[in-house]
Amino acid sequence: MKRSYTLSLPPLLALTLFSPLQANASLMDSFIDPEDGRLDGSQFILDNAVGFLPVPLTITDPAVGFGGGAALLFFHESEEREAKRLAGEHVGDIPASVSGVMALGTSNGSNMVGGFHSGNWLNDRVRYLGGLFSATFNLKFYPVPELGATDLSLKGSYFFQDLDVRIGYSNFFLGGSYSYMSSESTIAGQQDLNTDSKDGRLGWRVLYDSRNNQFAPREGTKAQFQVDHHRKAFGGQFNYQKYHAYVHNYRRLSKDWGLGLRADAKSISENVEFPASIYAKPFVDMRGIAAMRYQADNTALGEVELSYDIDDRWTVLAFAGAGTAFNHDQSIGQAKLHYTRGGGFRYLLARQLGLRMGVDVAKGPEEWTTYIQFGGAW
């Protein structure tokens, strides 16, 4: 459920959110970084017993319309991380655990509410992600792209559990995941179809992660190969497989210039049945392209992002990419490429977490789209 709800504009909105605290100078001091005297939420988030990051959610994805909501993110530190931070050491590359609750809605009636926890245990030897969400998405569906869009409504709940275990002291992890989704799909003009479904999934993956930060990495690589087995035996009513491989690479070209590279490929087996075929097939997932706009048995895409640090807080960036979707009876050479490009900025809102927030504006094949980003775009 990763995308394209997008998060808030720093630092102005953050300052507006915290404006009730302005009457108390001692509390406002917790939003000033003693290192550079600028707006920073690290001290409030990590040192306050009830510290949390309130994040306004702004939705601009053309697939679901305009809207918004709010999230509360609670950050948890290990004792080792806290001790190093209080001693003045750099801790941005040591992952912190995060819990969150959120609710949002859009102009076309889409809505979502839920909560999650992302945990890092045993000095980052074990990583956990789990959550429960309930949602209704009203989307444009393109079963035959040449014939235009059909209205699609997806309503249901989604429960997921992920666990990754580091192999020795390397950057490699072995992981497993389970998810269960109960949903109802409504296609315009197809009211007589039975579209209630239950989908149970058990997956495994191999992960490599050398990134220097979990929220907004600036160096390192994250690469993963995952296989998901959707089976009746796991609580669903379908039997099919999905495959996903990706690489995200981040590097510094110089002190001020950075480069990000992304490659991503997804595939689904041929035996996926209706109505799982509505939501289960991969789609091109890129800034500038609406969710489910280009959907098929296989997808492949690549993106490049170039960034420049104006100073220690502000960064501007430009990006471009191309993606394609094609069925099993096609070759990738026969598929049409869809191009995107855009630009944006980030502000380092919490230095001791390495947390950056900002805005991206992207142009896809059909339209311009604005994304307010929490951390990196990938």
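Numbers given for residues are sequential positions, taken from 1 along each chain in its written order. Side-chain atom pairs in this predicted model are given and counted only at pLDDT of 80 or more, local residue features only at pLDDT of at least 70, and totals for whole chains, interfaces and linings cover all residues. The side-chain numbers reported here are obtained from all heavy atoms of the structure, hydrogens and water having been left aside.

**Q** So what exactly am I meant to see when it comes to the overall build of the protein here?
**A** Only DSSP runs of H or I with at least four residues qualify as helices, and only runs of E with at least two residues qualify as strands; both kinds are numbered from the N terminus onward. For the protein, the helix and strand inventory stands at five helices and 17 strands. When accessible area is computed with a 1.4 Å probe and restricted to protein chains, residues below 20% of their type maximum are described as buried, those above 50% as exposed, and intermediate ones as partly exposed. When the 378 residues of the protein are sorted by exposure, 48% land in the buried category.

**Q** What is the right way to read the environment of Ser-254 from this model?
**A** Secondary-structure assignment places Ser-254 in the loop between β11 (240-252) and β12 (257-268). With relative accessibility at 35%, the residue Ser-254 sits in the partly exposed group. It is 9.6 Å that separates the C-alpha atoms of Ser-254 and Tyr-308, two residues lying 54 residues apart in sequence. Definition of a polar contact: a pair of N or O atoms within 3.5 Å, with one able to donate and the other able to accept a hydrogen when the atoms are protein atoms, and with sequence-neighbouring residues admitted only if both atoms are side-chain atoms. A distance of 3.2 Å separates the side chain of Ser-254 from the backbone nitrogen of Trp-257, its partner in a polar contact.

**Q** Just checking my understanding: could you explain the side chain of Thr-315 for this structure?
**A** Along the chain, Thr-315 falls in strand β14 (residues 314-326). Side chain to side chain, Thr-315 and Asp-309 meet in a polar contact 2.7 Å long. It only takes one pair of heavy atoms within 4.5 Å for two residues to be counted as in contact. Leave out the neighbours within four places in its chain, and Thr-315 touches Arg-218, Ser-307, Tyr-308, Asp-309, Ile-310, Gly-344, Phe-345, Arg-346 and Arg-356.

**Q** Even after reading the chapter, I still don't get a nonpolar patch on the surface, so can you show me in this structure?
**A** Patch criteria: residues need more than 30% relative accessible area and no salt bridge. Like-charged residues are merged within 9 Å; nonpolar side chains of Val, Leu, Ile, Met, Phe, Trp and Tyr are merged within 5 Å. Accessible surface is estimated by sampling points in the Shrake-Rupley manner with a 1.4 Å probe; for residues, cover comes only from the protein chains shown. We count a salt bridge whenever a side-chain nitrogen from Lys or Arg sits within 4 Å of a carboxyl oxygen from Asp or Glu. Together, Ile-167, Phe-172, Leu-174, Trp-204, Val-206, Phe-225 and Tyr-243 give the surface a local cluster of nonpolar side chains, amounting to about 620 Å² of exposed area. In this fold, Val-206 is placed in strand β9 (residues 196-209). Its relative accessible area of 34% is what places Val-206 among the partly exposed residues.

**Q** Just checking my understanding: could you explain the packing of aromatic side chains for this structure?
**A** Each aromatic ring pair is characterised by the separation of its centres together with the angle its planes make. The pairing test for Phe, Tyr and Trp rings, Trp by its six-membered ring, is centres within 6.5 Å, and the orientation test on the planes gives stacked under 30 degrees, edge-to-face over 60, and tilted for anything in between. A full pass over the atoms with the stated rule returns eleven aromatic pairs. Summarising the aromatic geometry, the rings of Phe-215 and Phe-374 are spaced 6.4 Å apart at their centres and angled 75 degrees between planes, so their arrangement reads as edge-to-face. Taken together, the residues Phe-215 in the loop between β9 and β10 (220-230) and Phe-374 in strand β17 (residues 368-374) connect sequence positions 159 residues apart. An aromatic cluster is defined as three or more aromatic residues linked by ring pairs; in this entry it consists of Phe-75, Phe-215 and Phe-374. Criterion for a charge above a ring: Lys NZ or Arg CZ within 6 Å of the ring centre, and within 35 degrees of the ring normal. One cation-aromatic arrangement involves Arg-125 over Tyr-169; the distance from NZ or CZ to the ring centre is 4.9 Å. One residue, Arg-287, lies across the ring of Phe-319, its end atom 3.8 Å from the ring centre.

**Q** Before we go on, may I ask you to explain the side chain of Ser-183 in this structure?
**A** Topologically, Ser-183 is positioned in strand β8 (residues 172-187). Those residues in contact with Ser-183 that sit more than four places away from it in its chain are Lys-155, Gly-156, Thr-195, Asp-196, Ser-197 and Tyr-279.

**Q** How should I be thinking about the pairing of strand β16 (residues 355-363) in this particular structure?
**A** Regular strands have side chains that alternate between both faces of the sheet. Of all nine residues in β16, eight are buried, a share of seventy percent or more. One requirement defines pairing of two strands: DSSP has to find at least two bridges between them. The pairing of strand β15 (residues 338-350) with β16 spans nine bridges and is antiparallel. Considered in β16, the bridge of Arg-341 is made with Lys-363. Adjacent in sequence and paired antiparallel, β15 and β16 are bridged by four residues, among which Gly-354 carries a positive phi angle near 70 degrees. Alignment of β16 against β17, held across seven bridges, turns out to be antiparallel. Opposite Gly-358, over in β17, you have Gln-373 as the bridge partner. Counted along the chain from β16 to the antiparallel partner β17, the turn is four residues long.

**Q** Can you help me understand empty space enclosed by the protein in this one?
**A** With a probe scaled to a water molecule rolled over the atoms, the places where space remains empty come into view. Buried and open spaces are told apart on a 1 Å grid over the protein atoms alone, a cavity being a set of points where a 1.4 Å probe fits but cannot get out and a pocket being an open set with protein on both sides within 12 Å along at least five of seven lines. Residues with an atom within 4 Å of a point are the lining residues. Grid points are joined across faces, edges and corners, and a volume is the space filled by probe spheres set on the points. Scanning the entire structure with this criterion turns up three cavities of 30 Å³ or more. For the largest cavity, the calculated volume is near 290 Å³. Taken together, 20 residues make up the lining of the largest cavity; nearest its centre are Pro-217, Arg-218, Tyr-250, Glu-305 and Ser-307. Of all the elements in the fold, those that place two or more residues in the lining of the largest cavity are β11, β12, β13 (298-309) and β14. Class assignment for the residues of the lining of the largest cavity results in eight nonpolar, six polar and six charged. Polar here means any residue other than Ala, Val, Leu, Ile, Met, Phe, Trp, Tyr, Cys and Pro, which are nonpolar, and Asp, Glu, Lys and Arg, which are charged; Gly is therefore polar.

**Q** Explain the layout of surface pockets to me, please; I cannot follow it from the model alone.
**A** Its boundaries defined by the atoms lining it, the second largest pocket holds a volume of some 730 Å³. Forming the walls of the second largest pocket are 29 residues, and the residues nearest its centre are Glu-35, His-90, Leu-348, Arg-351 and Arg-356. Elements with a minimum of two residues in the lining of the second largest pocket: α3 (42-47) and α4 (79-86).

**Q** I tried to follow the pattern of salt bridges on my own but got confused; where do I start?
**A** Pairing of side chains with opposite charge becomes possible as their charged atoms draw close. Counting across every chain of the model gives 24 salt bridges. Here Arg-127 and Asp-209 are joined by a salt bridge, their closest N and O atoms 2.6 Å apart. With Arg-127 in strand β6 (residues 126-141) and Asp-209 in strand β9, the pair connects residues that are 82 residues apart, well separated along the chain. An identical accessibility class is assigned to Arg-127 and Asp-209; each is buried. The salt bridge involving Asp-360 is made with Arg-346; its shortest N-O contact spans 2.8 Å. In this pair, Asp-360 is assigned in strand β16 and Arg-346 in strand β15, connecting sequence segments 14 residues apart. One salt-bridge network, held together by shared partners, links Arg-262, Asp-264, Arg-287, Glu-303, Glu-305, Arg-346 and Asp-360.

**Q** Quick question: what am I supposed to make of the environment of Ser-185 here?
**A** Along the chain, the position of Ser-185 falls in strand β8. Note: C-alpha distance between Ser-185 and Lys-155 (30 residues apart in sequence) is 6.5 Å. Not counting chain neighbours up to four residues away, the residues in contact with Ser-185 comprise Leu-152, Ser-153, Leu-154, Thr-195 and Ile-278.

**Q** Whenever I open this one, the confidence of the model for the protein confuses me. Can you help?
**A** Low-pLDDT portions of the prediction should not be read for the details of their coordinates. Averaged over all residues, the pLDDT of the protein equals 86, while 88% of them reach at least 70. The low-confidence segment residues 1-23 (pLDDT under 50) makes 62 contacts with residues lying over four places distant or belonging to another chain. On a range of 0 to 100, pLDDT expresses the predictor's confidence in each residue.

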